[in-house]
Structures are given as structure tokens and as C-alpha cells.
Amino acid sequence: MSAGARRVAGLLLAAGEGSRLGTPKALVQHEGERLVDRGVRLLEEGGCHPVVVVLGAATVQVRGAVVVRNPGWRSGMGSSLRVGLAALPEEAGAVVVALVDQPFIRPEAVRALVASGARLAVATYGGRRRNPVLLSRRDFAEGARLAAGDTGARPFLKAHPELVTGVPCDGLGDPADIDTPADLERLSRDG
């Protein structure tokens with residue numbers, strides 16, 4: 001890493017129970033790999049180190065990542081974001097936050113966010129903001145404070161539109177998420 005380059009950690013939010021799916025999304029298998037392991041690989045191959053995984057409904061071993069448990073996982077993604085941000089090491093100057101249920105985002109999208117050098121960056125697909133999202137350390141506290149319910153970083157992004165850099169990620173994966181058995185069937189069929 002060159003002098004002045006910031007260290008970017010990865011944060012995978014994987015605490016939910018997958019109520020509409022019928023199983024925690026972290027445990028879902030695709031091509032012989034759990035979605036939680038796929039998410040860790042996405043962040044690692046995208047240049048993030050370390051990778052922190054927030055679990056809640058499921059307790060599993062995850063290789064290559066620091067695992068933290070969100071005891072308040074039932075309250076939604078906001079609490080998982082707070083737990084994950086608090087678990088990041090001091091030397092992390094920024095973090096890329098990804099969701100376990102978006103298995104078709106590619107490492108190139110993560111690399112594009114990191115390479116942007118932005119204070120706050122959001123992957124865009126067809127001009128629409130999606131995940132992953134990059135937050136700089138100076139925004140961790142406010143991002144955590146504004147995270148509530150199932151919204152994650154969205155309230156922080158809305159509060160500071162002047163800071164947000166959209167990073168086009170068209171062609172760098174599909175941001176579709178897995179929420180229902182039909183989505184899982186599509187994943188199995190199209191993946």
C-alpha cells in the first residue's frame with residue numbers, strides 16, 4: 001500500500017433470518033458455496049482487509065473473516081451496521097459494506113468503489129443506487145447513529161447527498177437480491 005493510501009475494510013451484513021425465504025440467507029448454498037462465504041470472497045477479492053461479518057439468526061463458522069454477533073438482529077439491518085462499524089479496526093480508513101443476499105455482485109464493483117477515493121461512494125446500476133456502499137472512517141459515527149430499522153446506511157446517504165459519489169457498476173455484476181423462494185429458484189436456475 002502506498003504512503004497516504006487508506007486501508008479499506010469489508011463489512012458483510014448477514015444477520016437476518018430470511019423470514020420470507022424460510023432460512024437465514026447466510027446459510028443458503030449456491031454452486032456449493034454458502035452466501036456468507038461468497039460475500040466474504042467478494043470483499044476480499046475486491047481488496048478489502050480485514051473482512052468483518054455480522055451474524056445474528058444463524059451462528060456459523062466463517063473462514064477468512066472476523067465474525068461478530070448482533071444480539072439485536074431482529075430489529076433490522078441498522079443494528080447490524082452499528083455492530084459491524086464498531087468492530088472495525090482503528091487502522092481502517094474506510095469500509096465497503098455489502099449485503100449477504102446479493103450474490104451476483106462481482107469483486108470489480110468493490111474495487112471500483114475503493115478506487116474512487118471518495119469519502120462516501122455508492123455503486124450504481126442503470127443509474128440507480130444500490131449496494132455495496134463505501135463509508136470513510138470520519139462518517140462511521142454518524143452513519144451508525146442514523147442507521148435504524150431495516151435501512152442500514154440509507155438515512156446517512158439521504159442526509160448528506162453532497163458527499164455521495166455514485167460509482168457506475170454496470171457490467172460488474174447484478175445487484176438483484178434473494179428474498180423469497182422464487183428468488184432462490186431463479187438463483188439456482190440462472191446462476
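Because the structure is predicted, anything quoted here is derived from the model rather than measured.

S.K.: Give a detailed account of the overall build of the chain, specifying residues and quantitative values.
M.R.: A count of helical and extended segments in the chain gives 6 helices and 9 strands. Relative to the 2.2 N^0.38 estimate, which gives 16 Å for 191 residues, the radius of gyration of the chain is 15 Å and therefore close to what a compact globule would have. A principal-axis box enclosing the C-alpha atoms of the chain has dimensions of 45 × 35 × 30 Å. Here the chain holds 191 residues, and 50% of them are scored as buried. Within the structure as shown, the chain displays about 8800 Å² of accessible surface, and the carbon and sulfur contribution to it stands at 50%.

S.K.: Kindly report on helix α3 (residues 107-115), identifying the contributing residues and their values.
M.R.: Taken together, the buried positions of α3 are P107, A109, V110 and L113. On an axial view of α3, the arc spanned by its buried residues comes to 160°, and they lie on one face. Against α1 (35-45), β6 (94-99), β7 (120-125), β8 (128-136) and β9 (164-168) lie the buried residues of α3. Of the residues one or two after α3, G117 is the one with positive phi, at around 70°.

S.K.: Describe the pairing of β7, listing the residues and the values that go with them.
M.R.: Across the 6 residues of β7, 6 count as buried, placing the element largely inside the fold. Neither face of β7 is left uncovered, since the one carrying L120, V122 and T124 and the one carrying A121, A123 and Y125 both have all their residues buried. Counting the residues between successive antiparallel strands, the hairpin from β7 to β8 contains 2 residues, one of them, G126, with a positive phi of roughly 60°. Here β7 runs beside β9; their pairing, made up of 5 bridges, is parallel. Its bridge partner being in β9, V122 is matched across the sheet by G166.

S.K.: Go over the sheet that holds β7, please, and point to the residues and values.
M.R.: Sheet strands line up and pair through hydrogen bonds in the backbone, either parallel or antiparallel. Spatial ordering of the open sheet is given by β5-β4-β1-β6-β8-β7-β9, a layout of 7 strands whose pairing is mixed. Both edges of this open sheet fall to β5 (66-69) and β9, since each of them pairs with a single strand only. Neighbour-to-neighbour, the strand axes of the sheet open up by a mean angle of 25°, direction not taken into account. Pairing analysis gives 4 bridges linking strand β4 (residues 51-55) to β5, with the strands arranged parallel. Residue pairing for β5: L55 is matched across the bridge by R69. The strands touched by helix α2 (residues 77-87) are β1 (8-14), β4, β5, β6 and β8; relative to β1, the strand with the most contacts, the crossing angle is about 150°.

S.K.: Which residues make up the environment of A26, and what are the values?
M.R.: Tracing the chain through its elements places A26 in the loop between β1 and β2 (29-30). When its relative accessible area of 0% is taken as the criterion, A26 is described as buried. Linking A26 and A94, residues 68 residues apart in sequence, is a C-alpha distance of 24 Å. In this structure A26 touches A14, R34, L35, V36, L55 and V100, once residues within four positions along its chain are discounted.

Calculation rules
Residues numbered from 1 in each chain as written. Predicted model: local features only at pLDDT ≥ 70, side-chain atom pairs only at ≥ 80, totals over all residues. Heavy atoms only, no water. Helix = DSSP H or I, 4+ residues; strand = E, 2+ residues; numbered from the N terminus. Rg over C-alpha atoms; globule rule 2.2 N^0.38 Å. Buried < 20%, exposed > 50% of the residue type's maximum accessible area, 1.4 Å probe, protein only. Areas by Shrake-Rupley, 256 points an atom, 1.4 Å probe, with all protein chains shown as cover. Arc of directions from axis to C-beta. Contact = heavy atoms within 4.5 Å. Pairing = 2+ DSSP bridges. Axes fitted to C-alpha atoms, helices over the stretch in contact; angles between N-to-C directions.

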